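Examining the three-dimensional arrangement
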Amino acid sequence: MSEIVKKATREAYGSALLELGKKSDKVIVLDADLAAATKTGSFKNEFPDRFFDTGIAESNMMGIAAGLATEGFTVFASSFAMFAAGRAFEQIRNSIGYTHLNVKIGATHAGISVGEDGASHQCCEDIALMRTIPGMTIINPADDIETREAVFAAAEIDGPVYLRFGRLATPRIFDENYKFELGKGVQIKEGTDVTIIATGLMVNEAIIASEILEKEGINAAVVNIHTIKPIDKDIIIKAAEKTGCIVTAEEHSVIGGLGGAVSEVITETIPVPVVKLGVYDEFGQSGPAKELLDLYGLNAENIAIKAKESIKMKK
Amino acid sequence: METNEKRELEIIACDIRMGIIEGVFNAKSGHPGGSLSIAEIITYLYFEELNVDPLNPTKSDRDRFVLSKGHTAPALYSALAHRGFFSVEELKTLRKVGSFLQGHPSMHKTPGVDMSTGSLGQGISTAVGMALGAKISKKDFRVYTILGDGEIEEGQVWEAAMYASAKKLDNLVAFIDNNNLQIDGTLEEVNSPYPIPEKFKAFGWNVIEIDGNSFDEIEEALNNARNFKNAPTAIIAKTIKGKGVSFMENECNWHGSAPNEEQYKIAIEELKKTKAELEA
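Keep in mind it's a predicted model, so treat the numbers as computed, not measured.

Assigned secondary structure in chain B consists of 10 helices and seven strands. The C-alpha radius of gyration computed for chain B amounts to 17 Å, which stays within 12% of the reference 19 Å derived for 280 residues, consistent with globular compactness. Oriented by its inertia axes, the alpha-carbon framework of chain B measures out at about 50 × 45 × 40 Å. Taking the contacts inside chain B whose residues are at least 6 apart along the sequence as the reference set, 76% of them involve residues at least 24 apart.

In structure tokens:
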């Protein structure tokens with residue numbers, strides 16, 4: 001068996017920006033004094049004339065991104081999820097969302113896998129915030145391969161996109177032939193008893209969970225939702241029809257994230273049980289990322305438990 | 001400035017003021033005070049300074065204008081209408097359902113509006129982005145913005161001010177409409193941003209202080225700004241809130257309320273009289 005490749009999605013974001021920069025001189029990258037961490041640094045080194053460090057001032061960075069977008073540039077504005085979606089929410093809403101300008105927000109260090117920096121930096125609210133902005137596309141890729149495709153897809157569309165990346169190196173799931181389709185969920189595994197709908201680093205955990213469940217005689221389907229908005233309603237409805245219950249898994253608050261989005265689809269179409277696994281309305285804390293993910297139940301074992309809860313709720 | 005030229009501008013400013021009153025009166029809401037205070041600045045910009053074409057509002061080499069104090073949209077709309085971007089009659093649709101004249105400027109709805117604004121502090125950042133874009137593309141257009149004096153209480157303004165001078169954006173001009181009144185009272189009563197010129201100087205800007213209701217001083221300041229290299233220019237413009245309508249002048253209450261029918265008639269009569277005197 002070949003060794004599993006592990007890479008953080010933020011690393012893949014940096015590499016994809018570099019590729020994009022070589023393809024088009026209209027690509028501009030902004031950062032707010034975190035280029036080393038968000039991995040925009042390689043773009044900065046290669047294209048110093050198209051990289052702007054706006055300093056520790058995320059609100060202003062979003063406005064500058066909007067202004068640059070009016071001049072025909074494809075602008076990637078990067079910071080940690082907390083300071084992009086969090087601090088600069090209203091700038092994104094009014095200067096980028098309302099104007100529907102061509103700005104891609106590259107938000108790294110999302111979720112509690114930020115680790116040791118602790119709760120102040122662990123953003124578990126960003127998907128919820130961004131989802132409420134009309135016209136905003138949200139992509140939360142599951143591995144480095146999907147990240148590259150997501151960044152390229154984001155650059156293709158004319159309008160605002162929120163790209164969510166993690167700090168932690170996570171296992172590669174897809175191979176080089178992976179075809180990314182914006183707005184389309186990915187059926188990773190077929191199943192009959194329950195569907196695990198996961199996003200981001202929880203996709204790999206969902207695959208492992210399905211293996212755990214298989215050993216217990218439960219046939220779980222696995223769906224990867226990389227595009228949280230616009231969400232793929234069809235794949236969710238089909239999952240509900242086929243397996244009769246759902247469990248969602250995300251490294252985000254259970255309020256307003258993937259679980260919320262899936263529930264919104266299900267309650268208005270084919271009401272079946274949806275058990276949500278995520279961060280249960282609490283702040284994180286300091287610690288190694290893997291330990292925190294386990295502590296907050298964001299792992300395969302807990303997905304399997306939640307899947308069984310969902311199955312039990314079936315009528 | 002030639003006397004005739006100045007008189008013509010003063011007449012246009014009078015028309016723009018009447019457009020402001022028409023809009024706000026018909027909408028039964030809006031912000032007349034701060035719209036009236038910038039009438040001369042916006043008149044000069046649209047009739048003397050800006051390279052814009054009403055027949056081609058998005059031409060790429062146009063000068064950009066961002067109304068950072070977006071609540072004074074009636075002034076911008078009136079200027080655009082009188083400059084020929086759309087009919088003056090349309091001003092009466094301000095703030096009505098389905099109108100392309102939203103309560104605060106919307107770039108996708110109104111011809112001639114370069115940026116959607118209204119949330120204070122954000123417009124200047126977008127103007128900085130436009131000015132930076134011009135530098136990157138090596139284009140000659142210039143970027144103008146007007147901020148309220150209360151607006152500069154927003155921290156984002158200073159983030160933008162810091163970055164504009166750090167990047168030596170000498171193609172950027174920011175007017176500060178210093179009418180000394182914000183919603184809750186005078187600037188000092190609320191949260192004094194004074195001294196304003198010193199603050200912008202400390203942030204590395206070329207600072208010019210003028211009477212913002214004087215065309216001569218506006219012209220001189222803008223000429224200075226155009227010739228000043230390696231730094232953006234802040235024009236601190238002392239103005240009179242509500243200028244041109246006697247009962248609105250220096251009255252805080254007229255920040256965000258519309259005249260009733262009687263007040264509307266008095267205001268229009270006053271402005272007509274001023275215009276007639278100028279034309280005489």
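Taken domain by domain, chain A holds domain 1 (6-171) and domain 2 (186-312). Every element with two or more residues in the side of domain 1 of chain A that touches domain 2 of chain A is listed here: α7 (126-131), β6 (137-139), α8 (144-156) and β8 (170-171) of chain A.

Another point: the pairing of strand β11 (residues 220-224) of chain A. Residue and element names in this part refer to chain A. Burial runs high along β11: five of the five residues are buried. Neither face of β11 is left uncovered, since the one carrying Ala 220, Val 222 and Asn 224 and the one carrying Ala 221 and Val 223 both have all their residues buried. As defined by bridge partners, strand β9 (residues 186-189) adjoins β11 across three bridges and the pair is classed as antiparallel. Paired with Gln 187 across the two strands is Val 223, which belongs to β11. By the bridge criterion, five bridges tie strand β10 (residues 194-198) to β11 in an arrangement that is parallel. Across the sheet, the residue bridging to Thr 195 is Ala 221, located in β11. In this fold, β10 hands off to helix α9 (residues 202-215), which returns the chain to β11; that crossover is right-handed.

Okay, the nonpolar core next. Formed by 198 residues in total, the largest nonpolar core has its most connected members in A:Ala65, A:Leu163, A:Ile196 and B:Val128. Broken down by element, the residue count for this core peaks at 10 residues, all from helix α1 (residues 3-27) of chain B.

Right, let's get into the environment of B:Gly70. All names here are of chain B. When you line up the elements, Gly 70 lands in the loop between β1 (64-67) and α4 (73-83). C-beta crowding within 10 Å serves as the criterion here: with 27 such atoms nearby, Gly 70 is assigned to the buried category. Measuring from C-alpha to C-alpha, the distance between Gly 70 and Gly 148 comes to 9.1 Å, with 78 residues separating the pair along the chain. Look past the residues within four positions of Gly 70 in its chain and what remains in contact with it is His 104, Pro 105, Thr 117, Gly 118 and Gly 123.

Okay, the packing of α1(B) against helix α3 (residues 39-49) of chain B next. Residues and elements named next belong to chain B. With their axes 9 Å apart at the nearest point, α1 and α3 run at an angle of 115° to one another. Classified by chirality, the crossing of α3 by α1 is right-handed. Contacts between α1 and α3 involve Leu 9, Ile 12, Ala 13, Ile 16 and Arg 17 from the former and Ala 39, Glu 40, Ile 42, Thr 43, Tyr 44 and Phe 47 from the latter. Its residues placed into classes, the contact of α1 with α3 shows eight nonpolar, one polar and two charged.

Here we take up the interface of chain B and chain A. Listed per partner, the contact involves 19 residues of chain B and 20 residues of chain A. At the level of elements, α5 (122-136) and α6 (155-166) of chain B are the ones that each hand at least two residues to the side of chain B that touches chain A.

Now for the pairing of strand β14 (residues 274-279) of chain A. All names here are of chain A. In terms of burial, β14 is a largely internal element, six of the six residues being buried. Here strand β13 (residues 246-253) pairs with β14 via five bridges, running parallel. Opposite Ala 249, over in β14, you have Leu 277 as the bridge partner. For the crossover from β13 across helix α11 (residues 258-267) to β14, the handedness is right-handed.

Turning to unusual backbone geometry, a few remarks are in order. In this model, A:Lys229 is joined to A:Pro230 through a cis peptide bond whose omega is -5°. Omega for the bond connecting B:Tyr194 with B:Pro195 falls within 30 degrees of zero, at -5°, which places this linkage in the cis form. Locating B:Pro195 in the fold gives a position in the loop between α7 (187-190) and α8 (196-202). Not every positive phi belongs to a glycine, and B:Arg95 is a case in point at roughly 70°. Relative to the assigned elements, B:Arg95 resides in the loop between α4 and α5. The backbone of B:Asn230 shows a phi angle near 75°, a positive value even though the residue is not glycine. Along the polypeptide, B:Asn230 turns up in the loop between α9 (215-227) and β7 (233-238).

About the thresholds
Residues numbered from 1 in each chain as written. Chains lettered and ligands numbered in written order. Predicted model: local features only at pLDDT ≥ 70, side-chain atom pairs only at ≥ 80, totals over all residues. Helix = DSSP H or I, 4+ residues; strand = E, 2+ residues; numbered from the N terminus. Rg over C-alpha atoms; globule rule 2.2 N^0.38 Å. Contact = placed C-beta atoms within 7 Å. Domains from an automatic or database assignment. Buried ≥ 20, exposed ≤ 12 C-beta atoms within 10 Å, placed from the backbone. Pairing = 2+ DSSP bridges. Right-handed = clockwise from strand over helix to strand, strands pointing away. Core = buried A, V, L, I, M, F, W, Y, C linked by C-beta atoms within 7 Å. Axes fitted to C-alpha atoms, helices over the stretch in contact; angles between N-to-C directions. Left-handed = near helix turned anticlockwise from the far one by under 90°. Nonpolar A, V, L, I, M, F, W, Y, C, P; charged D, E, K, R; others polar.

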